[in-house]
Amino acid sequence: MTQPSDRLYLLYHELRPSRSDYSYVVETSQFEKQVDLFLKLRSEEKTSAFYPEITFDDGHISNFERALPILQSREIKAWFFITVGWTGQKPGYMGWAELRALQEAGQQIGAHGWSHTLLTHCDQSQLQKELLEARLTLEDKLGTSITAMSLPGGRSNQRILAACRESGYTQVFTSVPKGEPQPAGPTVGRLNVRGDMTIEWISKLLQPESGILSGLQRQHQIKATAKTLLGDRLYEKLWALLNRHEPATDAGEAAAYEDPAHH
């Protein structure tokens with residue numbers, strides 16, 4: 001089977017059985033259709049399409065209850081990046097039993113920080129907790145080596161990337177929407193999948209000649225500039241309004257959530 005040189009890593013958060021106004025929720029039936037599309041593209045002998053890869057951030061319980069059965073029935077592996085301090089503590093998120101079941105099913109586990117705090121806001125001692133302690137706790141509880149980290153909010157700079165390396169991570173998954181060669185390098189870009197993205201649009205996205213990904217990369221640069229000019233706090237307030245962030249979500253979590261700079 002001939003595979004294209006580039007892969008496109010897709011980022012999901014939460015699945016629900018029905019449509020939600022909150023942009024980070026994908027309807028379970030839509031996710032299943034998307035996975036079938038990915039499987040079809042992966043199996044085609046000759047294709048110029050991006051090879052789709054699936055990732056999840058945060059560790060929401062729907063990753064286990066809704067996504068895992070769909071993935072397992074199609075023998076697809078995904079990355080699950082876990083906010084370690086929420087595990088077994090935050091309602092609606094997986095506990096250690098679910099994470100062990102994911103691991104035993106052959107899925108890949110990585111870290112997503114300890115508390116979902118934006119790493120660029122952390123001092124050295126906070127980074128120790130968010131990066132090193134998160135990794136060591138995952139390794140202790142799961143009995144396996146953890147070498148991949150997903151950046152909360154996509155926030156990063158050279159100091160953060162250096163801290164990730166010093167904390168034992170060999171791969172850092174970012175929020176930059178771009179295709180990745182294989183094998184992937186030390187940083188891996190991803191594209192957030194929103195609930196309002198249709199299967200037709202995603203199908204076109206995965207065709208490089210459509211130019212959709214290139215357009216999203218340009219949008220990413222514009223939003224990154226806006227974030228710099230506005231500052232994190234004002235930018236996050238605007239993001240929460242535009243993306244209909246749900247009132248039930250903790251204010252701290254809303255401030256630290258993945259922003260649309262990669263959407």
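Here is what the cut-offs are and how they apply
Residues numbered from 1 in each chain as written. Predicted model: local features only at pLDDT ≥ 70, side-chain atom pairs only at ≥ 80, totals over all residues. Heavy atoms only, no water. Helix = DSSP H or I, 4+ residues; strand = E, 2+ residues; numbered from the N terminus. Buried < 20%, exposed > 50% of the residue type's maximum accessible area, 1.4 Å probe, protein only. Core = buried A, V, L, I, M, F, W, Y, C linked by side-chain atoms within 4.5 Å. Contact = heavy atoms within 4.5 Å. Polar contact = N/O pair within 3.5 Å; in protein donor to acceptor, adjacent residues only side chain to side chain. Pairing = 2+ DSSP bridges. Right-handed = clockwise from strand over helix to strand, strands pointing away.

Turning our eyes to something else, we now look at unusual backbone geometry. Between Gln182 and Pro183 the backbone carries a cis peptide bond, its omega angle lying at -5°. Residue position: Pro183 is located in the loop between β9 (180–181) and β10 (187–188). Phi at Asp58 is positive, roughly 100°, even though this residue is not glycine. Following the sequence through the fold, Asp58 ends up in strand β4 (residues 51–58). Under the relative-accessibility criterion, Asp58 is labelled buried at 2%. The residue His116 is not glycine, and still its phi comes out positive at about 70°. With respect to the helices and strands, the residue His116 is situated in the loop between β6 (108–111) and α4 (124–142).

This part takes up the nonpolar core. Counting residues in each nonpolar core, the largest one holds 55 residues, and the members touching the most others are Tyr12, Phe31, Ile54, Phe56, Leu71 and Leu138. What Phe31 contacts, discounting residues up to four positions off in sequence, is Tyr12, Leu15, Val26, Ile54, Phe56, Ala67, Ile70 and Leu71. Ranked by size, the runner-up nonpolar core spans 7 residues in total, among them Tyr9, Phe81, Ala184 and Val188.

A word on helix α5 (residues 158–166). Regarding α5, the residues found buried are Ile160, Leu161, Ala162, Ala163 and Cys164. Here the buried face of α5 lies against α4, β7 (148–150), β8 (171–173) and β10. Here α5 starts with a cap whose side-chain oxygen sits 3.0 Å from the backbone nitrogen of Arg159, and that cap is Asn157. Gly168, located one to two residues past α5, shows a positive phi value of around 100°.

Here Val84 shows up in the loop between β5 (79–82) and α3 (96–104). Beyond its immediate sequence surroundings of up to four residues, Val84 is in contact with Trp96, Gly113, Trp114, Ala134, Thr137 and Leu138.

In this section: the pairing of β6. Here β5 runs beside β6; their pairing, made up of 4 bridges, is parallel. The residue bridging Phe80 from the neighbouring strand is Ile109, located in β6. Note that the unit made of β5, α3 and β6 has a crossover that is right-handed.

Keep in mind that these numbers describe shape and distance, not what the molecule does.
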